Amino acid sequence: MRDDQERDFSTQLITSLTPSVRLDLYPKSAIDVFVHVIESDGVAASFAAAVNAATLALADAGIEMLDFVVAASVVSVNINLFYFLLSDNFESFDPKDCTADEEAAQSGSLIMAYMPSLNEITHIVFNGEVGSDLISKAIGQCVDATTRVQEVLSNTLANSMT
């Protein structure tokens, strides 16, 4: 990644996570989150995964939060939507995550960070040119995906405590 893109993602990560962290409990403190992406097959899905990993890391570290911040991404290629979503058994990921080639051919992309329990969007980024009906559908799919991912994050955190 280029340096300016890294700074942009860093700012977006801060914007996504800050609304959930109880900063009032940590006066005169700094909370650092470092994300190292080993391999990326698409920027939108990688950023969503980074938000999810950072949220889980904060919770595992005992940082008090109002809710998990869970992210999902949707990419529109022609009129098809490819999105990061769990399968029905919540144990494996459905292969609807778009590849770098599909992302390069996109007509639009949406990345959304969301607090499912509070029903609050903390960060949303849309790029491209698509109709408002497709944007509404993409937001709905992101809400569905983040709600399902939150269950996996909660189970993972609970299992790490035992």
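Predicted model, so just to flag it, every value in this text is computed and none were measured.

S.K.: Go over the pattern of salt bridges, please, and point to the residues and values.
M.R.: Applying the stated criterion to the full structure yields three salt bridges. With a closest N to O distance of 3.0 Å, Arg-22 and Asp-24 form a salt bridge. Here Arg-22 ties to Glu-64 by a salt bridge, and the two come within 3.3 Å at their closest N and O atoms. In this pair, Arg-22 sits in the loop between α1 (3–17) and α2 (43–60) while Glu-64 sits in the loop between α2 and β1 (70–77), placing the two residues 42 residues apart along the sequence. The exposure class assigned to Arg-22 is partly exposed, which follows from its relative accessible area of 23%. What emerges from the salt-bridge pattern is a single network uniting Arg-22, Asp-24 and Glu-64.

S.K.: Break down helix α4 (residues 132–161) for me, citing the residues and quoting the values.
M.R.: Relative to the 44 Å expected for 30 residues at 1.5 Å per residue, α4 spans 43 Å between its end C-alpha atoms, a close match to the ideal helical length. Along α4, the residues that are buried comprise Leu-134, Ala-138, Gln-141, Cys-142, Ala-145, Thr-146, Arg-148, Val-149, Gln-150, Leu-153 and Leu-157.

Rules behind the numbers
Residues numbered from 1 in each chain as written. Predicted model: local features only at pLDDT ≥ 70, side-chain atom pairs only at ≥ 80, totals over all residues. Heavy atoms only, no water. Salt bridge = Lys/Arg side-chain N within 4 Å of Asp/Glu carboxyl O. Helix = DSSP H or I, 4+ residues; strand = E, 2+ residues; numbered from the N terminus. Buried < 20%, exposed > 50% of the residue type's maximum accessible area, 1.4 Å probe, protein only. Expected span 1.5 Å × (residues − 1).

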